[in-house]
Amino acid sequence: MTNQDRLTRIEKVLDYIHEHLDEPIHVTNLAEKSCWSRWQFQRVFSQATGLSVAQYVRELRLSKAAELLLSSKNKHVDIAIECGFDSEISFSRAFKHMFNCTPRSYRQQGKRHGLRTPLQYRRLDNTQTDTPKAFTQIRVESLESFEIQGKCDWIRGLLSASPNFSERVPRLWSQVISEVKTMTKGMRPIGIIDTQDHADHPDQMLYWAGYLKPINALLPLFSGANPFDNAPLDTVIVPPQEYAVIPVHGNASAVKKALEWFIFQWLPESNYYGVQGYELEIYDPDYNPHSQQSYMEYWLPVKPR
């Protein structure tokens, strides 16, 4: 059996799960639909998605419930039943475990965070043989306002008629790293792209390269004293926004491929619009743009349809 055959089987199972979230879903039945044994199916599913079947179903159900808490006035017990839970007690317990707050508190906050969307298969290039997952899952998160210190430059992005970001962004990061040197050891770098219209720079976006200041409780990217007090860097303040979070595995070229997939495939079929604002590139502290083992997240501003 080819790898493509295995992925096609998993894709069919995922379609079944997505269409029957409000019904009992048993691993044995899913295995039968996939034509694997229960043990084989669970192993292949985990390898392809990075999740167990039970974890995936539970997270989708709870994400659907979280969305209903924000978009409807339905009672908690009705939402629990609609999302496949047999009681409000079991629903509340599972909800608190995933979101670290009660359904009531989540509704009162009125902000989307921690939502998981259905896994989607990404058709990879032949050169991407070392990609850890064939399926991608988008999260939906909300962030309060925060600020970074860094350096900025005007760039032409992915959708521009003459993109230049692949040259300008690495050069900007080199400047920032040379300014702060070892002061950022263990910290996660963050790139910020201002996609709002700028009359003086048509067809361009302002890109910031820097590190988060210690004022944001929602992102555990920084702790301790601010190491940039004596560094010659500028400050940018990002307003509160809601984001779709795109996981990106691989070297720097994987970011472009992931964004193309998100913009041209995922977003048009989703329940969200892309909006102008501040896009984020959040990197692991040891991110290596040349390594296939690297990981970063691209946060793109969205709003519900």
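For clarity, every value in this text was computed on a predicted model and none was experimentally measured.

Engineer: What is the right way to read the overall build of the protein chain from this model?
Structural biologist: Across its full length, the protein chain holds nine helices and twelve strands. Taking contacts inside the protein chain between residues at least 6 apart in sequence as the whole, the part at least 24 apart equals 70%.

Engineer: How should the packing of helix H2 (residues 27-34) against helix H3 (residues 38-49) be read in this particular structure?
Structural biologist: In helix packing, the relevant descriptors are the interaxial angle and the interaxial distance, both defined with respect to the helix axes. Running from N to C, H2 and H3 point in directions that differ by 85°, and their axes come no closer than 9 Å. Judged on the interaxial angle alone, H3 and H2 are roughly perpendicular. When H2 is examined against H3, the residues Val27, Thr28, Leu30, Ala31 and Ser34 are found in contact with a partner set consisting of Arg38, Phe41 and Gln42. Class assignment of the residues belonging to the contact of H2 with H3 gives a composition of four nonpolar, three polar and one charged.

Engineer: Can you help me understand the nonpolar core in this one?
Structural biologist: Note that soluble globular proteins tend to have their nonpolar side chains buried in a common cluster. Judged by nonpolar contacts, the single largest core of 50 residues is most densely connected at Phe95, Phe99, Tyr207 and Phe262. Among the secondary structure elements, those contributing two or more residues to this core are helix H4 (53-71), helix H5 (76-82), helix H6 (88-99), helix H8 (165-180), strand S7 (205-212), strand S9 (241-249), helix H9 (253-269) and strand S12 (295-304). Sort the elements by how many residues they give to this core and H9 lands first, with eight residues. Not counting the four nearest positions on each side in its chain, Phe262 is found in contact with Ile138, Ala244, Ile246, Leu267, Pro268 and Leu300.

Engineer: Is there a simple way to think about the pairing of S7 in this case?
Structural biologist: Regular strands have side chains that alternate between both faces of the sheet. Most of S7 is tucked away: eight of the eight residues are buried. In terms of strand pairing, strand S6 (residues 189-194) meets S7 through six bridges, oriented antiparallel. Looking at the pairing, Ile190 lines up with Gly210 of S7.

Engineer: Which parts of the structure should I look at to understand the packing of aromatic side chains?
Structural biologist: The description of two aromatic rings rests on the distance between their centres and on the angle between their planes. If you walk through the whole model with that rule in mind, you get 14 aromatic pairs. Taking the centre distance of 6.1 Å and the plane angle of 85° together, the rings of Trp173 and Tyr211 count as edge-to-face. Residue Trp173 is located in helix H8, and its partner Tyr211 is located in strand S7; the two are separated by 38 residues in the primary sequence. There is no split in this pair, since Trp173 and Tyr211 are both buried. Consider the rings of Trp266 and Tyr272, whose centres lie 6.5 Å apart with planes at 15°: the pair is stacked. Counting every residue linked through ring pairs, the aromatic cluster contains Phe85, Phe91, Phe95, Phe99 and Tyr106.

Engineer: Looking at this structure, how should I read the confidence of the model for the protein chain?
Structural biologist: Segments scoring low in pLDDT should not have their predicted coordinates read at a detailed level. When pLDDT is averaged along the protein chain, the result is 86; 87% of the residues meet or exceed 70. Of all helices and strands in the protein chain, the one with the weakest mean pLDDT is helix H1 (residues 3-19) (86), whereas helix H7 (residues 103-109) scores best (97).

Engineer: Explain the pattern of salt bridges to me, please; I cannot follow it from the model alone.
Structural biologist: When the charged atoms of two side chains with opposite charge come close together, those side chains can pair. With the rule as written, the count across this model stands at nine salt bridges. One salt bridge connects Glu141 with Arg139, and the closest N-O pair in it is separated by 3.0 Å. Note on accessibility: Glu141 and Arg139 belong to one class, buried. Here Arg139 and Glu297 are joined by a salt bridge, their closest N and O atoms 3.0 Å apart. Of this pair, Arg139 sits in strand S4 (residues 139-143) while Glu297 is found in strand S12, placing the two residues 158 residues apart along the sequence. Taken as a pair, Arg139 and Glu297 share a single burial class, namely buried.

Engineer: Looking at this model, I keep getting lost on a negative patch on the surface. Mind explaining?
Structural biologist: Taken together, Asp22, Glu23, Asp78 and Glu82 make up a surface patch of like negative charges. Residue placement: Glu82 occurs in helix H5.

Engineer: Could you clarify how one ought to interpret the environment of Trp299 in this entry?
Structural biologist: Note on placement: Trp299 falls in strand S12. The class for Trp299 is buried, based on a relative accessible area of 3%. When the C-alpha positions of Trp299 and Tyr243 are compared, they lie 5.6 Å apart, and in sequence the two are 56 residues distant. There is a polar contact of 3.2 Å between the side chain of Trp299 and the side chain of Glu297.

Engineer: Could you clarify how one ought to interpret the side chain of Glu279 in this entry?
Structural biologist: Secondary-structure assignment places Glu279 in strand S11 (residues 278-283). One buried charge, Glu279, has no salt-bridge partner; the nearest side chain with opposite charge is Lys256, at 14 Å. A distance of 2.3 Å separates a polar atom in the side chain of Glu279 from a polar atom in the side chain of Tyr298. Glu279 has contacts with Gly191, Ile192, Ile193, Thr195, Tyr298, Trp299, Leu300 and Pro301, leaving out every residue within four places of it along the chain.

Criteria and cut-off values
Residues numbered from 1 in each chain as written. Predicted model: local features only at pLDDT ≥ 70, side-chain atom pairs only at ≥ 80, totals over all residues. Heavy atoms only, no water. Helix = DSSP H or I, 4+ residues; strand = E, 2+ residues; numbered from the N terminus. Contact = heavy atoms within 4.5 Å. Axes fitted to C-alpha atoms, helices over the stretch in contact; angles between N-to-C directions. Parallel < 35°, antiparallel > 145°, perpendicular 65-115°, else oblique. Nonpolar A, V, L, I, M, F, W, Y, C, P; charged D, E, K, R; others polar. Core = buried A, V, L, I, M, F, W, Y, C linked by side-chain atoms within 4.5 Å. Buried < 20%, exposed > 50% of the residue type's maximum accessible area, 1.4 Å probe, protein only. Pairing = 2+ DSSP bridges. Phe/Tyr/Trp six-rings, centres within 6.5 Å; stacked < 30°, edge-to-face > 60°. pLDDT = per-residue confidence, 0-100. Salt bridge = Lys/Arg side-chain N within 4 Å of Asp/Glu carboxyl O. Patch = residues over 30% accessible without salt bridge, like charges linked within 9 Å, V, L, I, M, F, W, Y side chains within 5 Å. Areas by Shrake-Rupley, 256 points an atom, 1.4 Å probe, with all protein chains shown as cover. Lys, Arg positive; Asp, Glu negative; His and termini not counted. Charge placed at Lys NZ, Arg CZ, Asp CG, Glu CD. Polar contact = N/O pair within 3.5 Å; in protein donor to acceptor, adjacent residues only side chain to side chain.

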